[in-house]
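# Topology and contacts: notes
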Amino acid sequence: MSDKAILEFGGSKYEFPVVQGTENEVGIDIKTLRGSSGMITLDPGYKNTGSCESGITFLNGEKGILRYRGYAIEDLAEKADFLEVAFLLIFGELPNQEQLHKFHEDIKHESHVDEEMKKIINGFPKSAHPMGVLSSLTSALIAFNPTSVDVASEEAMYSAIVRIMAKFPVLVAWTMRKKMGLPLEYGDDTMGYVENLHKMMFKRPNKEYKMNRVVIDALDQLLILHADHEQNCSTSTVRIVGSSHAGLFASLSAGISALWGPLHGGANQAVLEMLEAIAADGGDTNKFMAKAKDKNDSFRLMGFGHRVYKNFDPRAKILKKAADEVLGDLGIEDHILDVAKGLEKVALEDQYFVKRKLYPNVDFYSGIIYRALGIPVEMFTVMFAMGRLPGWIAHWREMRLRGEPIGRPRQIYIGENSRPFAAMNNR
Ligand code: CMC
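Here we summarise the structure given alongside this text. Predicted model only: the values in this text are computed from it and were never measured.

## Topic: a positive patch on the surface
Taken together, the side chains of Lys47, Lys295, Arg300, Arg307, Lys310, Lys355, Arg356 and Lys357 present a region of like positive charge at the surface. Along the chain, Lys295 turns up in the loop between helix H13 (285–293) and helix H14 (314–329). On the basis of relative accessible area, Lys295 is assigned to the exposed category, the value being 62%.

Right, here's the structure in full:
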């Protein structure tokens, strides 16, 4: 392979180095393009733009491959737990028993949230969307913790990471408890990370909390499957906010807002609402398919399509199987699962979807499992954020340690040319 790419324009030739990743992905390094030619590249939505080199997650959309730090998502989802995966993503290697124990102990030590935070959460109306509340609370944490991290200090970096890994599940639980009118309580240090999250979310006053292994394992798997997905919208947001040297918590809060949108993490809530609407309408999937294909209708088949996966989303495959298993183990019959399977079958045979390579994505089946676990629909995207937390942290850490420059894209200006100021009485 040539190590140079050549661009010809206006009678001049420009040469650019070619970079190759460890999975043989090739990129043209255009850092010198503007300096040498005065031109820039234009790529709305960054469909062909690599914003960084990263060693965290590899995905191949054509082959449906997803790996965290080289490990297949299928193996991690089956054999690891969420805290191990978080450690792997953030620090690069699977932890041994001692490292995992220390990580968990350090997290437990930081698992309190300042009592003053309760005043902030209680200031929200019950009707507030949990994602807005979570984003605000994450930002509010800054007031009670160091605002910036000395990235040159490994200790300071570790301490910031442990703090947010510890406090975020409390915020997630409080966000749900506020919505449900339950008292805001703290966790139980004797439990595992995910068990504790579940207990914090569901413990009822005056009632003993009983752990259900099927529920915890399902939650663990969901969190692992959502833990990272390279340069998606929210992760890119975390990186770009962090690139201005804003602190970790501020960058994460911005990432939560980016995740909220229905084209991104908000799709899991939208999927369930869509499936319920189809069921309420008598289960006629064809009607909704027609709407999804109608270019004059803004409706999209939620949970279908992906910027990168053009074959299948390996996470959706795992979750489809898990949905059957979890509902079976919990003895739940949910007609929504049948609607989802019917819709998937119709879509996968429809030429509109086949031609555009639109397959079910991670959000298509996740909501059905969340629902079986008793998690309210409006909390679905919050659960996605809980899972994505280690991915965001890993990317923020990588970006800062690599000393990446501030993210600042350019534009092609298409506005008015210079014109004289119009006085008020002349407009
Ligand atoms: N329903 C109907 N048509 C669709 C859909 C869909 N779900 N997704 C894409 N298309 C069509 C789109 O209209 C376009 O058609 P045409 O070529 O005729 O103009 C073509 O497929 C390509 O779509 P695109 O919008 O250019 O593709 P994209 O890479 O910009 O968007 C996407 C990817 C995920 C935003 C999009 O597929 C979508 O909106 N899906 C529904 C929302 C969803 O499920 N989001 C979750 C994504 S996975 C988890 C996550 O990222 O958080």
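Let us keep going from here.
## Section: the packing of helix H8 (residues 193–202) against helix H9 (residues 213–225)
The N-to-C vectors of H8 and H9 enclose an angle of 110°; their axes lie 10 Å apart at closest approach. Regarding the angle of H8 to H9, the classification is roughly perpendicular. Taken together, the residues of H9 that come into contact with H8 (itself represented by Val194, Glu195, Leu197 and His198) are Arg213, Val215, Ile216, Leu219, Asp220 and Leu223.

## So, unusual backbone geometry
In this structure, Asn24 is a non-glycine residue whose phi angle is positive, near 65°. Note on Asn24: relative accessible area 54%, which makes it exposed. Its identity is not glycine, yet Lys357 carries a phi of approximately 55°, on the positive side. Along the chain, Lys357 turns up in the loop between helix H16 (351–355) and helix H17 (362–372).

## Digging into the pattern of salt bridges
Scanning all chains against the criterion turns up 27 salt bridges. Here Asp313 makes a salt bridge to Arg315, at a shortest N to O gap of 2.8 Å. For Arg315, a relative accessible area of 2% puts it in the buried group. One salt bridge in this structure joins Glu344 and Lys320, with 3.3 Å as the shortest N-O distance. Residue Glu344 is located in helix H15 (residues 335–349), and its partner Lys320 is located in helix H14; the two are separated by 24 residues in the primary sequence. When its relative accessible area of 9% is taken as the criterion, Glu344 is described as buried.

## Let's talk about the sheet that holds strand E4 (residues 57–60)
Ordered in space as E4-E5-E6, the three strands form an open sheet in which the pairing is antiparallel. Among the strands making up the open sheet, the edge pair consists of E4 and strand E6 (71–72). Strand direction decides the pairing type here: E4 and strand E5 (residues 65–68), joined by four bridges, are antiparallel. When the sheet's bridge partners are listed, Thr57 is paired in E5 with Tyr68.

## Let's talk about the sheet that holds strand E1 (residues 4–9)
The antiparallel open sheet is built from three strands, whose spatial order is E1-E2-E3. At either end of the open sheet lies a strand with only one pairing partner, and these are E1 and strand E3 (26–28). Averaged over all neighbouring strand pairs, the angle between strand axes comes to 30°, with direction disregarded. With six bridges joining them, E1 and strand E2 (residues 12–20) adopt antiparallel strand pairing.

## Things to note about the environment of Arg67
Tracing the backbone shows Arg67 in strand E5. If sequence neighbours within four positions are ignored, Arg67 has contacts with Glu23, Ile56, Thr57, Phe58, Ala72 and Ile73. A polar atom in the side chain of Arg67 sits 2.8 Å from the side chain of Glu23.

About the criteria used
Residues numbered from 1 in each chain as written. Predicted model: local features only at pLDDT ≥ 70, side-chain atom pairs only at ≥ 80, totals over all residues. Heavy atoms only, no water. Patch = residues over 30% accessible without salt bridge, like charges linked within 9 Å, V, L, I, M, F, W, Y side chains within 5 Å. Areas by Shrake-Rupley, 256 points an atom, 1.4 Å probe, with all protein chains shown as cover. Salt bridge = Lys/Arg side-chain N within 4 Å of Asp/Glu carboxyl O. Lys, Arg positive; Asp, Glu negative; His and termini not counted. Charge placed at Lys NZ, Arg CZ, Asp CG, Glu CD. Helix = DSSP H or I, 4+ residues; strand = E, 2+ residues; numbered from the N terminus. Buried < 20%, exposed > 50% of the residue type's maximum accessible area, 1.4 Å probe, protein only. Axes fitted to C-alpha atoms, helices over the stretch in contact; angles between N-to-C directions. Parallel < 35°, antiparallel > 145°, perpendicular 65-115°, else oblique. Contact = heavy atoms within 4.5 Å. Pairing = 2+ DSSP bridges. Polar contact = N/O pair within 3.5 Å; in protein donor to acceptor, adjacent residues only side chain to side chain.

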